[in-house]
There are 2 protein chains.
Amino acid sequence: MEVEVKFKASIDVEDKIRSIAEFVCEKEEIDLYFNSPVRDFRKSDEALRIRKDPEGVKITYKGPKIDPETKTRKEIEISVDDYDMAVELLKRLGFIPVREVVKRRRIYRLEDVTICFDEVKGLGTFVEIEMKSEDLESAKRKILEIAKRLGFDPARSIRKSYLELLEEI
Amino acid sequence: MEVEVKFKASIDVEDKIRSIAEFVCEKEEIDLYFNSPVRDFRKSDEALRIRKDPEGVKITYKGPKIDPETKTRKEIEISVDDYDMAVELLKRLGFIPVREVVKRRRIYRLEDVTICFDEVKGLGTFVEIEMKSEDLESAKRKILEIAKRLGFDPARSIRKSYLELLEEI
């Protein structure tokens, strides 16, 4: 499971992140999202994307969110060897490309928690705090505590994906 | 495009293959085939499988056959890093596991043509002669000529996949 919270953030929040977490890397992530021919992923709250970044190419499926306060959801991810072939494969299987989401992401690490400072093309800056865990309650406590340390109000967490936010514009 | 012919073969055909082509490797291939939730792949003549062999894991889509004499068809293939995750991903996306096809394959090479001597679990021994090419007519001539050199009658080529042959039993 991916346990995650997201907040709209001003630029200066990154200084606070730097003061508590260790910088890992900066990269541009290009995500191409697909909809399903079987059920509308916007309604079923699922997501399917192909991500291209300097580390390689990944296909990721995200299940419906299962927690009212966070973006916690089942995530299945595989690394693949070829972006164009992966796009072609999903298209042949009936999946429909919806939109590209492009962001510059700076990744920080605090123990087993990942903090991302994201500049999303067309949307602005956001902070995502996440960890992989099967112990949801404990993981949620941990990431919400970090959110508070960074000055965020958990009640103002954003449960919508960047894709959904871009679709609303 | 994958241009391919297949024949039922007796064991001794492998000696003939050895006399004209170079041995590449022997391996066990385990293919898990899926059907689509959108259209019945048995009727649309498409195929989707995950292959596991000693070299790794691949997802392959095969389009409908486009030639009356051969198994020529569009093929899209990506290498992935994890078999279980790939199976889980396809299942979550609505694809239904149909059947596993297991074979011991000995691969031979003759210029740009691949000749496979296959012992298919539950079916017996077969020879597949194939090459990747966009020049279908030239590729077809080439592989049918090799088929004749191995003593096969092109009119007796098998257009059904191992999956289809197993489903008929």
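Calculation rules
Residues numbered from 1 in each chain as written. Chains lettered and ligands numbered in written order. Predicted model: local features only at pLDDT ≥ 70, side-chain atom pairs only at ≥ 80, totals over all residues. Heavy atoms only, no water. Helix = DSSP H or I, 4+ residues; strand = E, 2+ residues; numbered from the N terminus. Rg over C-alpha atoms; globule rule 2.2 N^0.38 Å. Buried < 20%, exposed > 50% of the residue type's maximum accessible area, 1.4 Å probe, protein only. Contact = heavy atoms within 4.5 Å. Areas by Shrake-Rupley, 256 points an atom, 1.4 Å probe, with all protein chains shown as cover. Lys, Arg positive; Asp, Glu negative; His and termini not counted. Charge placed at Lys NZ, Arg CZ, Asp CG, Glu CD. Buried area = accessible area lost by both parts, 1.4 Å probe. Salt bridge = Lys/Arg side-chain N within 4 Å of Asp/Glu carboxyl O. Polar contact = N/O pair within 3.5 Å; in protein donor to acceptor, adjacent residues only side chain to side chain. Nonpolar A, V, L, I, M, F, W, Y, C, P; charged D, E, K, R; others polar. Least-squares fit on C-alpha atoms with pLDDT ≥ 70 in both. Core = buried A, V, L, I, M, F, W, Y, C linked by side-chain atoms within 4.5 Å. pLDDT = per-residue confidence, 0-100. Phe/Tyr/Trp six-rings, centres within 6.5 Å; stacked < 30°, edge-to-face > 60°. Lys NZ or Arg CZ within 6 Å of the ring centre and 35° of its normal. Expected span 1.5 Å × (residues − 1). Arc of directions from axis to C-beta.

Caption draft 1: Structural view of the overall build of chain A. The helix and strand inventory of chain A stands at five helices and eight strands. In sequence order, the secondary structure elements of chain A are arranged as β-α-β-α-β-β-β-α-β-β-β-α-α. Against the compact-globule benchmark of 15 Å for 169 residues, chain A has a radius of gyration of 16 Å, which places it among compact chains. For chain A, the spread of C-alpha atoms along the principal axes amounts to about 45 × 30 × 30 Å. Looking at chain A as a whole, 55% of its 169 residues qualify as buried. Long-range pairs, those at least 24 residues apart, make up 63% of the contacts in chain A between residues at least 6 apart in sequence. Roughly 8,000 Å² of accessible area belongs to chain A as shown, and the carbon and sulfur atoms make up 48% of that amount. In chain A, 35 positive and 38 negative side-chain charges are present, and the distance between their average locations comes to 3 Å.

Caption draft 2: Summary view of the interface of chain A and chain B. On the chain B side, the residues contacting the 23 residues of chain A number 23 residues. Summing both partners gives a buried area of about 2,000 Å² for chain A against chain B, and 75% of it is carried by carbon and sulfur. If you look at where chain A meets chain B, you find zero salt bridges. Where chain A meets chain B, there are four residue pairs in polar contact (both at pLDDT 80 or more). At the level of secondary structure, the elements contributing two or more residues to the side of chain A that touches chain B comprise strand 4 (56-62), strand 5 (75-80) and helix 3 (83-92) of chain A. A per-class count over the side of chain A that touches chain B returns 14 nonpolar, one polar and eight charged.

Caption draft 3: Spatial organisation of the relation of the copies chain A and chain B. Here chain A sits on chain B after a turn of 180° about the axis and a move of 0.0 Å along it, with an RMSD of 0.0 Å. Taken together, the rotation angle and the small translation identify this as a two-fold axis. The position closest to the rotation axis in chain A is occupied by the C-alpha of A:V80, lying 2.2 Å away. When the interface residues of chain A are mapped onto chain B, 100% of them again fall at the interface, so both copies present the same face.

Caption draft 4: Representation of the nonpolar core within the structure. Counting residues in each nonpolar core, the largest one holds 36 residues, and the members touching the most others are A:I50, A:I59, B:I50 and B:I59. With residues up to four places along the chain from it excluded, the contact list for B:I50 reads B:I30, B:D31, B:L32, B:F34, B:V57, B:K58, B:I59, B:Y83, B:A86, B:V87 and B:L90.

Caption draft 5: Representation of the confidence of the model for chain A. Mean pLDDT for chain A: 96, with 100% of residues reaching 70 or above. For this predicted complex, the interface score ipTM comes out at 0.91, while the overall pTM is 0.92.

Caption draft 6: Layout of the packing of aromatic side chains. Within the structure shown, the criterion is met by seven aromatic pairs over all chains. Between the aromatic rings of A:F126 and A:Y162, the centroid separation amounts to 5.2 Å while the plane-to-plane angle is 65°, which identifies the pairing as edge-to-face. A residue pair is termed long-range when its members are at least 10 positions apart, and A:F126 in strand 8 (residues 124-132) and A:Y162 in helix 5 (residues 162-168) qualify at 36 residues. For the pair shown, A:F126 and A:Y162 are each scored as buried. Centroid distance B:F23 to B:Y108: 5.5 Å. Interplanar angle 65°. Geometry classified as edge-to-face. With B:F23 in strand 2 (residues 22-35) and B:Y108 in strand 6 (residues 96-110), this residue pair connects regions lying 85 residues apart in the sequence. In this structure, A:K52 is placed above the aromatic ring of A:Y83, and the distance from its NZ or CZ to the ring centre is 4.0 Å. When the ring centre of B:F126 is taken as reference, the NZ or CZ atom of B:K8 above it lies at 4.6 Å.

Caption draft 7: Expanded view of the environment of B:K58. Residue and element names in this part refer to chain B. Its place among the elements puts K58 in strand 4 (residues 56-62). For the pair K58 and R92, spaced 34 residues apart in sequence, the C-alpha separation works out to 18 Å. Setting aside residues up to four positions removed in sequence, K58 forms contacts with R49, I50, R51, E77, I78 and S79.

Caption draft 8: Focus on the environment of A:R105. Residue and element names in this part refer to chain A. Looking at where R105 falls in the secondary structure, it is placed in strand 6 (residues 96-110). With residues near it in sequence (within four places) discarded, R105 still touches C25, E26, K27, E29, R51, C116, F117, D118 and E128. Only 3.2 Å separates the side chain of R105 from the side chain of E29, close enough to count as a polar contact. At a separation of 2.8 Å, a polar atom in the side chain of R105 contacts the side chain of D118.

Caption draft 9: Structural context of helix 4 (residues 136-149) of chain A. Residues and elements named next belong to chain A. Spanning 14 residues, helix 4 covers 20 Å between terminal C-alpha atoms, matching the ideal 20 Å at 1.5 Å per step. Within helix 4 the residues assigned to the buried category are A139, K140, I143, L144, I146 and A147. Along the axis of helix 4, the buried positions cluster into a sector of 155°, meaning they face one direction only. Residues R141 and K148 are exposed on helix 4 and point more than 90 degrees away from its buried face. Contact partners of the buried residues in helix 4: strand 1 (2-8), helix 1 (13-20), strand 6, strand 7 (113-120) and strand 8.

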